[in-house]
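Summary of structural features
For reference, the chains in residue letters:
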Amino acid sequence: MEWDTRLIHDGQEPDPQTGAVNVPVYLTSTYAELAPGKARGFVYSRTGNPTRAALERVLSRLEGGAGALAFGSGLAATSALLMAYPSGSRIVAGDDLYAGTWRLLQVARSHGVRVDFIDTTDLANVRRALAERPKADLLYLETPTNPLLKITDLRGATAVAREHGTRVAVDNTFASPVLQRPLAFGADVVVHSTTKYLGGHSDLIGGALVFRRRSLLEKYRWYQNTQGGVPGPLDCFLVLRGIRTMGLRVRAHCKNAARVADFLSHHRRVARTLYPGLMSHPGHAVARRQMDDYGGMVSAELKGGLAEVRRVVRRLKVFTLAESLGGVESLVNVPALMTHRSVPKALREQQGIREGLLRFSVGVEDARDLTDDLARALA
Ligand SMILES: *Cc1c(COP(=O)(O)O)cnc(C)c1O
C-alpha cells in the first residue's frame, strides 16, 4: 500500500470485538487474571496496555522495524535507550542535538560514560571517532538537526558504524517517518518525540523507540518496564489519531516551509537561511538522497542580532513565540534564549547557535499569510 493508505489502515484495523474504527482507550491500570500468574495477555499498564500496544504496532510498521516501544516523552525514550550503557561505555554523538538530549548525555557523563560530540555531517569525523579506542558502543545521530538543520549521511554513517560493531540510534523527530526511514539505511534504533509531527496538534507529550531487530526490542521491553516512563492510553490514542493525517500534514508543512525558506533567503535583513531544501544548504544533496522532502523546519539568522530578533518576534502575529514544533500552527523560537538556553554560551556560539538565530516550525496555514506575517515583522 502507498503511504497515505498505510497511515490510515496499517495496524489500525477495526476493533475485532466491537467493530469500532478507532482503537479503544483502555483506561485501566491492571487486568483480572485467570489464575495466579496466568493472564489474558495484559497484567499491569506500566508493562503493557492495549491502546499503547496498538500505537507501538503502528509506529513499528511506519519505520519498518521489528517492533516499537512508546514512552511518556521523547526524553523518556532517550533515557531508556541510554540505560543500556553503563559506566565505562563510550557514546559518540552529533554536536548539534536537541538540548534535552544534550542534557541527558551530560547525566550519562556524570555516571562515568565517555561521551564525544562530533560534527557528523563530515563522515571523516565519524570514521576518526569510531576508529578511536575504547570502542564506541553507540553512535547517536540527529538529521536534520535542531536547530541548525544539519544533515548527516545515514547510509554512510551506519556503514562506518557497522565496521566497528557500534550500534546506531537516529532521532528521526524532525523528518518524521513520512520523509525518512533510518532503519532502511542500517540504523539499529529510531528515536521519536511523538509530541511533534506524529501527534501533530501540540496537544500531548510522548516518545518512542523503534528497533530493527527483535532481540534488541525484547531487551528494551525489559528496560521500558523497569524505567517506567510510559505514556497514558489517552495520549497513545491522540498519537494514533495524529498519524492518520500525518501524510496530509507533512506534505503541507514541507510546501509551506519551502515558501518561507525562499522568502527569508531573499530578505535583506536575513544573514543566512538554513533549510535542507535550498540549493545553498551544504547538506542538500544528501537530504535529497535520503529524504522524500525537506521537512517543515526553517532556521534563519538576522543581521541585526538579538535586538532585531526581539523586535521581530514581538511583531509576528501568525507565528506564535513558543518552544516545540511539528504542530499544525506555526511557531517561532529563539534557540539561544529558549530551547538551547541550557547549553553554555561559548559552546552554543562555537556550534553556530548565535543570538540572532530564529527557528521556525512552519505550520499548515495558508503560505501567503505566513510570508506576509514575516514581511510585516521584518519591515
Ligand atoms: C522535542 C524533541 C525531543 C524530546 O522530546 P520530548 O517529547 O519533548 O521529551 C527529542 N528530540 C528532538 C529532535 C525533539 O525535537
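Residues numbered from 1 in each chain as written. Predicted model: local features only at pLDDT ≥ 70, side-chain atom pairs only at ≥ 80, totals over all residues. Heavy atoms only, no water.

**Observations regarding the pattern of salt bridges**
Opposite charge on two side chains lets them pair, provided their charged atoms get close. In plain terms, the rule: One side-chain nitrogen of Lys or Arg within 4 Å of one carboxyl oxygen of Asp or Glu is enough to make a salt bridge. Starting at the N terminus, helices and strands are each numbered in turn, a helix being any DSSP run of H or I of at least four residues and a strand any DSSP run of E of at least two.
This structure, assessed with the given rule, holds 22 salt bridges. One salt bridge in this structure joins Asp116 and Arg90, with 2.9 Å as the shortest N-O distance. In this pair, Asp116 is assigned in strand E3 (residues 114-118) and Arg90 in strand E2 (residues 90-94), connecting sequence segments 26 residues apart. What you see here is one network of salt bridges that share partners, running through Arg90, Arg114, Asp116 and Glu132.

**A word on the nonpolar core**
Spelled out, the test is: Among buried residues, the Ala, Val, Leu, Ile, Met, Phe, Trp, Tyr and Cys ones that are joined through side-chain atoms within 4.5 Å form a nonpolar core. Type-normalised accessible area, obtained with a 1.4 Å probe on protein chains alone, sets the label of each residue: buried when under 20%, exposed when over 50%, and partly exposed for intermediate values. Domain delimitation in this document rests on an assignment produced automatically or drawn from a domain database. Contact criterion: two residues are considered in contact whenever any of their non-hydrogen atoms come within 4.5 Å of each other.
One finds Leu139, Ile243, Leu264, Leu358 and Phe360 to be the most contacted residues of the largest nonpolar core, which totals 83 residues. Take this core: its biggest share by element is 7 residues, from helix H9 (residues 246-265). Residue contributions to this core reach at least three from each of two domains, namely domain 1 (3-244) and domain 2 (247-378). Apart from residues lying up to four places away in sequence, Phe360 is in contact with Leu264, Gly296, Met297, Val298, Ala300, Leu316, Phe319, Leu331, Val332 and Leu374. If you look at the next biggest cluster of nonpolar residues, it comprises 28 residues, including Ala84, Ala93, Leu216 and Tyr223.

**A word on the layout of surface pockets**
Filter applied, for reference: A pocket here means an open set of points on a 1 Å grid, computed over the protein atoms alone, that has protein on both sides within 12 Å along at least five of seven lines. A cavity is instead a set of points where a 1.4 Å probe fits but cannot get out; residues with an atom within 4 Å of a point line either one. Grid points are joined across faces, edges and corners, and a volume is the space filled by probe spheres set on the points. Asp, Glu, Lys and Arg are counted as charged, while Ala, Val, Leu, Ile, Met, Phe, Trp, Tyr, Cys and Pro are counted as nonpolar; the rest, among them Gly, fall into the polar class.
Taken as a whole, the largest pocket holds about 310 Å³ of empty space. Mapped by element, the contributors of at least two residues to the lining of the largest pocket are helix H3 (74-82) and strand E6 (189-193). Counted by class, the lining of the largest pocket contains 6 nonpolar, 12 polar and 5 charged residues. As for the second largest pocket, its lining consists of 18 residues, of which Asp15, Pro16, Val23, Tyr26 and Arg57 are closest to the centre. Broken down by class, the residue content of the lining of the second largest pocket amounts to 11 nonpolar, 4 polar and 3 charged.

**Considering a positive patch on the surface**
Worth spelling out the cut-off: Like-charged residues are merged into a patch within 9 Å and nonpolar side chains (Val, Leu, Ile, Met, Phe, Trp, Tyr) within 5 Å, provided each residue has over 30% relative accessible area and no salt bridge. Areas reported here follow the Shrake-Rupley algorithm with a probe of radius 1.4 Å; residue values treat only the protein chains shown as occluding. Charge convention: Lys and Arg are scored as positive, Asp and Glu as negative, and His as well as the terminal groups of each chain are ignored. For charged residues, the charge sits on one atom: NZ in Lys, CZ in Arg, CG in Asp, CD in Glu.
A cluster of basic residues, Arg310, Arg314, Arg315 and Lys317, forms a positive patch on the protein surface. As for its placement among the helices and strands, Arg314 is situated in helix H11 (residues 305-315). Residue classification places Arg314 among the exposed positions, given a relative accessible area of 64%.

**Here we look at the site of the ligand**
Put simply, the test is: The near set for a molecule or strand comprises every residue that places at least one heavy atom within 4 Å of it. Definition of a polar contact: a pair of N or O atoms within 3.5 Å, with one able to donate and the other able to accept a hydrogen when the atoms are protein atoms, and with sequence-neighbouring residues admitted only if both atoms are side-chain atoms. Cavity and pocket membership follows a simple rule, namely that a molecule belongs there if more than half of its atoms are within 2 Å of the grid points.
All residues in the neighbourhood of the ligand are listed as Ser73, Gly74, Leu75, Tyr98, Asp171, Thr173, Phe174, Ser193, Thr195, Lys196, Gly206 and Leu325. The backbone of Leu75 places a nitrogen or oxygen atom 2.9 Å from an oxygen atom of the ligand. Within the side chain of Ser193, a nitrogen or oxygen atom sits 2.8 Å from an oxygen atom of the ligand. When isolated, the ligand has an accessible area of 380 Å², and the protein chains bury 94% of it. In this structure the site holding the ligand corresponds to the largest pocket. Its residues placed into classes, the shell around the ligand shows 4 nonpolar, 6 polar and 2 charged.

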